[in-house]
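# Descriptive structure summary
Residue strings, one per chain:
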Amino acid sequence: MNPITAIDQEALFLQRQVPWLLVLLALNIPMFITVIKMGRRSAIMRRIEMVLNLVTHAALVWAVVDGPVSIAPSSDPTVTAAGVSRFCRRR
């Protein structure tokens, strides 16, 4: 197997989940800049950060559970297992 195809992403994943994940991750940047300028986190910033983190985690779970992430069959179970094991641990 070509090592490059092992890390290629599924087209549906790139079209559906990646734009949302990039937007959610990019929303953290202005928040961090604001915190650096203020010197501390206010109560409102903490609430905004908590909501943003919950939405980001929900989007990450959606991306992992929705379907294949990688094109290569040998690498997709690794990516999926790494993501799912954090959220769906068997007890």
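Above this note sits the structure.
Attention here is on the structure that accompanies the text. (Residues numbered from 1 in each chain as written. Predicted model: local features only at pLDDT ≥ 70, side-chain atom pairs only at ≥ 80, totals over all residues. Heavy atoms only, no water.)

## What to know about the overall build of the protein
Spelled out, the test is: Secondary structure follows DSSP: runs of H or I at least 4 residues long count as helices, runs of E at least 2 residues long count as strands, and numbering of each begins at the N terminus. Per-residue accessibility, obtained with a 1.4 Å probe over protein chains only, is compared with the maximum for each type, and a residue is labelled buried under 20%, exposed over 50%, and partly exposed between these values. The method behind every accessible area is Shrake-Rupley, applied with a 1.4 Å probe, and residues are considered shielded solely by the protein chains displayed.
Summing up its helical and strand segments, the protein has five helices and zero strands in all. The N-to-C order of helical and strand elements in the protein reads α-α-α-α-α. With 91 residues in all, the protein has 22% of them scored as buried. With the model as given, the accessible surface of the protein reaches about 6900 Å², and the carbon-plus-sulfur share is 68%.

## Description of the pattern of salt bridges
Oppositely charged side chains are able to pair whenever their charged atoms sit close together. Defined as follows: Salt bridges are identified by distance alone: a Lys or Arg side-chain nitrogen within 4 Å of an Asp or Glu carboxyl oxygen.
One pass over the full model with this rule turns up one salt bridge. Of the charged contacts, one joins R41 and E49 as a salt bridge, the two residues approaching to 2.9 Å between their closest N and O atoms. For R41, a relative accessible area of 34% gives the class partly exposed. Classification of E49 by relative accessible area gives buried; the value is 17%.

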